[in-house]
Amino acid sequence: MLNGSDAAPADADNDAAFAEGAITLWANLLALIGTHLREAGTSREEILEMLAMLHETNQATIRSPRARASASRHLMSVYRALGEA
């Protein structure tokens, strides 16, 4: 039988894995939306400005430093991909 101290790391790992999966899904959705906006005629500068505002919002609202850093890395990859598209 597991005691509370043995279960805590597993719960933390599960929470981290869930958060990272959600952030990856979110980034993929942003890339898809950004691509669609570009194809619909939205300027690259406008899309990149939206992503910059989203980054600022994430920095102010995501409490976990690890999740905030992961979101920032994913958002930067979307920003670069859409900036080069």
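Calculation rules
Residues numbered from 1 in each chain as written. Predicted model: local features only at pLDDT ≥ 70, side-chain atom pairs only at ≥ 80, totals over all residues. Heavy atoms only, no water. Core = buried A, V, L, I, M, F, W, Y, C linked by side-chain atoms within 4.5 Å. Buried < 20%, exposed > 50% of the residue type's maximum accessible area, 1.4 Å probe, protein only. Helix = DSSP H or I, 4+ residues; strand = E, 2+ residues; numbered from the N terminus. Contact = heavy atoms within 4.5 Å. Salt bridge = Lys/Arg side-chain N within 4 Å of Asp/Glu carboxyl O. Expected span 1.5 Å × (residues − 1). Arc of directions from axis to C-beta.

Caption draft 1: Seen up close, the nonpolar core. Counting 8 residues, the largest nonpolar core consists of A27, L30, I47, L48, L51, L75, V78 and L82. Of all the elements in the fold, those that place two or more residues in this core are α1 (4–39), α2 (44–61) and α3 (65–84). What L75 contacts, discounting residues up to four positions off in sequence, is W26, L30, L51, L54, H55 and N58.

Caption draft 2: A look at the pattern of salt bridges. Evaluated as defined, the whole model comprises 1 salt bridge. A salt bridge links R66 to E20; the nearest nitrogen and oxygen atoms lie 2.7 Å apart. Residue R66 is found in helix α3, and its partner E20 is found in helix α1; the two are separated by 46 residues along the sequence. The exposure class of E20 is partly exposed, given its relative accessible area of 32%.

Caption draft 3: Highlighting α2. The end-to-end C-alpha distance of α2, which contains 18 residues, comes to 26 Å, matching closely the 26 Å that a straight helix rising 1.5 Å per residue would cover. Listed as buried for α2 are I47, L48, L51 and N58. In an axial view of α2, the angular spread of the buried residues amounts to 95 degrees, which keeps them on one side of the axis. Exposed and oriented more than 90 degrees from the buried face of α2 are E45, E49, E56, A60 and T61.

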